[in-house]
Amino acid sequence: MPNVLAFAEARGGELRKVALEAVTAARQVADQVGGEVHAVLVGPAGVAAKAATLAQYGADVVLVAEHAGFANYAPETTAALVADRVKGGDYRAVIFSASQQGKDLAPRTAARLGCAIATDVTSFSVGGDAVIVTHPGYTGKVVQTLKLVGTPVVLSLRPGSVSPAAKAGAGRTEQVAADPSGARVQVTETILGDSKKLDLGEAPIIISGGRGLKAAEHFKLVEDLAAAFGNAAVGATRAVTDEGWRPHSDQIGQTGRLVSPELYVAVGISGAIQHLAGMRTSKCIVAINKDKEAPIFKVADYGIVGDVFEVVPALTAAVQQARQSSH
Ligand SMILES: Cc1cc2nc3c(=O)[nH]c(=O)nc-3n(C[C@H](O)[C@H](O)[C@H](O)COP(=O)(O)OP(=O)(O)OC[C@H]3O[C@@H](n4cnc5c(N)ncnc54)[C@H](O)[C@@H]3O)c2cc1C
């Protein structure tokens, strides 16, 4: 029976939501091909404790590689570890997240395996001897359907395109020996952003601001709306990050983060193709813009034509009220 390998991304020994998305996706493929889900978990000593969580989402086997050198991302050793496992077993597919780390790791692994790869995948199925995936192309102007032939195939999934779904797997744990200390590429330091901020790739709701906000201090409007929801992150366009109003890490789009939250609120954003490339797969898009011809309205599920300085405070008050009355 062919199995499916999922890369369970962890940071500093903690599982990321995209790890559960990858395992959930692997479970879906494994159920189609009748195989097991094997999850690779790499981290510093103690990361093995996270194996039980992966089992809850469908992992039958959790391959744990613990080493102090995995406290930071170790690209060469991790790609070699995954590829060697795949070469030594019967695997139909290898699934990563198209997170910042997965964008680096998935191609490295596919190159080692010499197999087909599809990146930034938004849906997938197994049809006969091929794996069929969809993937936004030409900065999101089209959605391409790709047919990947050969076995195995490597996929990286756009964060948020699969919702983590609990489904118990057998959860057997295997220790795997790996030592990143001799690798040619060594990540010597990772400087974390604001750890209290919800990560854009993990947030169910994103409130994004554009140049229509006119100045850095007006992002307070966006932050207040995000705070009213309670589980929202703040994003931005490149116009905004280029101005220095927000850090580059907040940028969404072709040259920023790729996101697919449940709800995306675009505040004073025109909807340039490069911005849409990063967010048009969001489940529900709300746009607020004073120009009714703004391209963002073409992808929006709900559009509000109006001034952000009037609409956003009113929306924030309405969300606060709705949440209070639901408690
Ligand atoms: C190679 C390349 C890569 C790029 N990558 C990215 C990327 O990753 N992400 C990205 O975002 N962009 C990217 N860009 C830039 C992109 O082309 C746009 O310039 C950018 O997205 C525009 O940002 P914006 O919508 O904030 O600003 P603008 O296009 O200036 O739009 C501002 C909007 O605010 C509205 N507005 C103004 N005042 C108000 C008000 N008071 N109330 C309501 N609405 C108001 C206006 O009607 C307008 O629609 C890239 C460009 C290139 C060439």
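Our subject is the structure that appears above.
As the structure is a prediction and not an experimental result, all values here were calculated from the model. (Residues numbered from 1 in each chain as written. Predicted model: local features only at pLDDT ≥ 70, side-chain atom pairs only at ≥ 80, totals over all residues. Heavy atoms only, no water.)

Participant: Run through the overall build of the protein chain, naming residues and quoting values.
Facilitator: When helices and strands are tallied, the protein chain shows nine helices and 17 strands. The C-alpha atoms of the protein chain give a radius of gyration of 21 Å, which matches the 20 Å a tight globule of 327 residues would have. Considering only C-alpha atoms, the protein chain reaches an extent of 60 × 45 × 40 Å along its principal axes. Burial statistics for the protein chain: of 327 residues in total, 52% are counted as buried. (Helix = DSSP H or I, 4+ residues; strand = E, 2+ residues; numbered from the N terminus. Rg over C-alpha atoms; globule rule 2.2 N^0.38 Å. Buried < 20%, exposed > 50% of the residue type's maximum accessible area, 1.4 Å probe, protein only.)

Participant: Quick rundown of the site of the ligand? Include the residues and the values.
Facilitator: Looking at the ligand, there are 26 residues lining it, with Lys 214, Thr 237, Thr 255, Ser 270 and Gln 274 nearest. Thr 237 is positioned such that a nitrogen or oxygen atom in its side chain is 2.7 Å from an oxygen atom of the ligand. Note that an oxygen atom of the ligand is positioned 2.6 Å from one of the side-chain N or O atoms of Ser 270. Elements represented by at least two residues in the shell around the ligand include exactly α6 (238-243), α7 (273-279) and α9 (308-326). Class assignment for the residues of the shell around the ligand results in six nonpolar, 14 polar and six charged. (Near = heavy atom within 4 Å. Polar contact = N/O pair within 3.5 Å; in protein donor to acceptor, adjacent residues only side chain to side chain. Nonpolar A, V, L, I, M, F, W, Y, C, P; charged D, E, K, R; others polar.)

Participant: An account of the sheet that holds strand β7 (residues 116-121) is requested, with residue identities and associated values reported.
Facilitator: The strand order β7-β11-β6-β1-β4-β5-β12 describes an open sheet built from seven strands, whose pairing is parallel. The open sheet has two edge strands with one neighbour each: β7 and β12 (172-175). The sheet shows a mean angle of 20 degrees between the axes of neighbouring strands, taken without regard to direction. Across five bridges, the pairing between strand β6 (residues 91-97) and strand β11 (residues 153-157) is parallel. Within the sheet, the bridge partner assigned to Ala 93 lies in β11 and is Val 153. Those strands touched by helix α4 (residues 100-113) are β1 (3-8), β6, β7 and β11, and its axis lies near 155 degrees from that of β6. (Pairing = 2+ DSSP bridges. Axes fitted to C-alpha atoms, helices over the stretch in contact; angles between N-to-C directions. Contact = heavy atoms within 4.5 Å.)

Participant: Residue-level account of the sheet that holds strand β8 (residues 123-127), with values.
Facilitator: Spatial ordering of the open sheet is given by β8-β9-β10, a layout of three strands whose pairing is antiparallel. With partners counted over all chains shown, the strands left at the sheet margins are β8 and β10 (142-149), one partner each. For this sheet, the mean inter-axis angle between neighbouring strands, taken without regard to orientation, is 25 degrees. Summarising the sheet, β8 and strand β9 (residues 130-137) pair through five bridges and their orientation is antiparallel.

Participant: Run through the nonpolar core, naming residues and quoting values.
Facilitator: In this structure, Val 4, Val 23, Leu 54, Ile 95, Phe 124 and Leu 155 are the most contacted members of the largest nonpolar core, which totals 36 residues. Per-element tally for this core: the top contributor is helix α1 (residues 17-33), with nine residues. With residues near it in sequence (within four places) discarded, Ile 95 still touches Val 4, Leu 5, Ala 6, Phe 7, Ala 22, Ala 25, Ala 26, Val 29, Leu 155 and Leu 157. (Core = buried A, V, L, I, M, F, W, Y, C linked by side-chain atoms within 4.5 Å.)

Participant: Break down the packing of helix α3 (residues 75-87) against α4 for me, citing the residues and quoting the values.
Facilitator: Geometrically, a packed helix pair is captured by the angle between its two axes and the distance between the axes. Remark: α3 packs on α4, axes separated minimally by 9 Å, with the N-to-C direction vectors making an angle of 45 degrees. In this view, α3 runs oblique relative to α4, as classed from their interaxial angle. Considering how the two elements wind past one another, α3 and α4 form a crossing that is right-handed. For the pair α3 and α4, contact is made by Pro 75, Glu 76, Thr 78, Ala 79, Ala 80, Val 82, Ala 83, Val 86 and Lys 87 and by Asp 104, Leu 105, Arg 108, Thr 109, Arg 112 and Leu 113, respectively. Taken together, the residues of the contact of α3 with α4 sort by class into eight nonpolar, two polar and five charged. (Parallel < 35°, antiparallel > 145°, perpendicular 65-115°, else oblique. Left-handed = near helix turned anticlockwise from the far one by under 90°.)

Participant: Hey, could you go over the environment of Ala 215 for me, with residue numbers and the actual values?
Facilitator: Inspection of the secondary structure puts Ala 215 in the loop between β13 (205-209) and α5 (219-229). Separated by 108 residues in sequence, Ala 215 and Pro 107 place their C-alpha atoms 39 Å apart.

Participant: Break down α3 for me, citing the residues and quoting the values.
Facilitator: Between its first and last C-alpha atoms α3 spans 18 Å; for 13 residues at 1.5 Å apiece the expected length is 18 Å, and the two agree. Within α3, ten of the 13 residues are buried, which leaves the element mostly enclosed by the surrounding structure. Restricting attention to buried positions, one finds in α3 the residues Pro 75, Glu 76, Thr 77, Thr 78, Ala 79, Ala 80, Leu 81, Val 82, Ala 83 and Val 86. Looking at the buried residues of α3, the elements they touch are β1, β4 (37-43), β5 (61-66), β6 and α4. (Expected span 1.5 Å × (residues − 1).)

Participant: Please provide a residue-by-residue account of the pattern of salt bridges, values included.
Facilitator: Evaluation of the coordinates by the stated rule reveals 20 salt bridges. A salt bridge links Asp 31 to Arg 27, with the shortest nitrogen-to-oxygen separation between them at 3.1 Å. Of this pair, Asp 31 and Arg 27 both sit in helix α1, four residues apart, which is roughly one turn of that helix. Judged by relative accessible area, Asp 31 falls into the partly exposed class, the value being 39%. The residue Glu 36 makes a salt bridge to Arg 172 at a minimum N-O spacing of 3.2 Å. (Salt bridge = Lys/Arg side-chain N within 4 Å of Asp/Glu carboxyl O.)

Participant: I'd like to hear about the packing of α5 against α9, residue by residue, with values.
Facilitator: Direction vectors running N to C along α5 and α9 enclose 15 degrees, while the axes themselves pass 9 Å from each other. Between α5 and α9, the angle falls in the class roughly parallel. Crossing hand, α5 versus α9: left-handed. Residues Leu 221, Asp 224, Leu 225, Ala 227, Ala 228 and Phe 229 of α5 form the contact with α9, whose own contacting residues are Val 308, Phe 309, Val 312, Pro 313, Leu 315, Thr 316, Val 319, Gln 320 and Arg 323. Here the residues of the contact of α5 with α9 sort into eleven nonpolar, two polar and two charged.

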